[in-house]
Amino acid sequence: TDKSTGPKLFCVSGAVARPGTYEVEFGTTLRELLELAGGVAPNLRTVLLGGAAGMFVTPDDLDLRLTFEDAREHGVTLGSGVVLAIDDRVDLGRLLMVIAAFFRDESCGQCVPCRVGTVRQEEALARLLSGRTRGSVQDELALIAEIGEAMRDASICGLGQTASSAIESAIDKLEVYT
């Protein structure tokens, strides 16, 4: 396309027959990319685009053209080129805990929003996973959204600014805890 030229490398893994790195032209659809990797699992639940700092899309989004402008218009990012196909065998609550733990561990601790926010985000997810929430499930989800907003607005670097992206997109698009 005019704004996304040339090829891009995508690392495709998860619920595909042939995980690997695929080089495709910008404008290839997500569906076409997954077909290169062996096709879409019949029980596909979601795809994480852009890695841990990326966002989830649903099976309804498989015709998304993989370009910077189409991703932006769709409210997602291509990020590092990670494409993780997830079927219904994956416990999304546990996957979100892994993502939260990653960001907690990777925070350098320099700024308070990220240092504290990543820990509090993980704690809220742990409470949701265990069923021992402080207040209602909706209270915990509101807290996660508030923490995400604080990290996006006040963290010094991109790690803190994107530490809640995948988690919040899963909550919004996949109704993980409802």
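Notes on the structure follow. (Residues numbered from 1 in each chain as written. Predicted model: local features only at pLDDT ≥ 70, side-chain atom pairs only at ≥ 80, totals over all residues. Heavy atoms only, no water.)

Looking at the packing of helix α5 (residues 137-154) against helix α7 (residues 165-174)
Between α5 and α7, the least distance of the axes is 10 Å, while the angle of their chain directions is 145°. Of the two possible hands of crossing, α5 and α7 adopt the one that is left-handed. Here α5 contributes Leu141, Ile144, Ala145, Gly148 and Arg152 to the contact with α7, which in turn contributes Ile167, Glu168 and Ile171. Tallied by class, the residues present in the contact of α5 with α7 amount to five nonpolar, one polar and two charged. (Axes fitted to C-alpha atoms, helices over the stretch in contact; angles between N-to-C directions. Helix = DSSP H or I, 4+ residues; strand = E, 2+ residues; numbered from the N terminus. Left-handed = near helix turned anticlockwise from the far one by under 90°. Contact = heavy atoms within 4.5 Å. Nonpolar A, V, L, I, M, F, W, Y, C, P; charged D, E, K, R; others polar.)

Thoughts on the packing of helix α3 (residues 92-106) against α7
Two numbers describe how α3 lies on α7: the axes approach to 10 Å, and their chain directions differ by 160°. Between α3 and α7, the angle is such that the two are roughly antiparallel. The two elements α3 and α7 cross, and the hand of that crossing is left-handed. Contact with α3, carried on its side by Leu92, Leu96, Ile99 and Ala100, involves Ala166, Ile167, Ala170 and Leu174 of α7 and no other residues of that element. Class assignment of the residues belonging to the contact of α3 with α7 gives a composition of eight nonpolar, no polar and no charged. (Parallel < 35°, antiparallel > 145°, perpendicular 65-115°, else oblique.)

Quick word on the environment of Ser155
Along the chain, the position of Ser155 falls in the loop between α5 and α6 (158-162). For the pair formed by Ser155 and Val112, sequence separation is 43 residues and the distance between their alpha carbons is 7.6 Å. For Ser155, the residues in contact, after removing those within four places along its chain, are Cys111, Pro113, Cys114, Ala150, Gly160 and Gln161. There is a polar contact of 2.8 Å between the side chain of Ser155 and the backbone oxygen of Met151. (Polar contact = N/O pair within 3.5 Å; in protein donor to acceptor, adjacent residues only side chain to side chain.)

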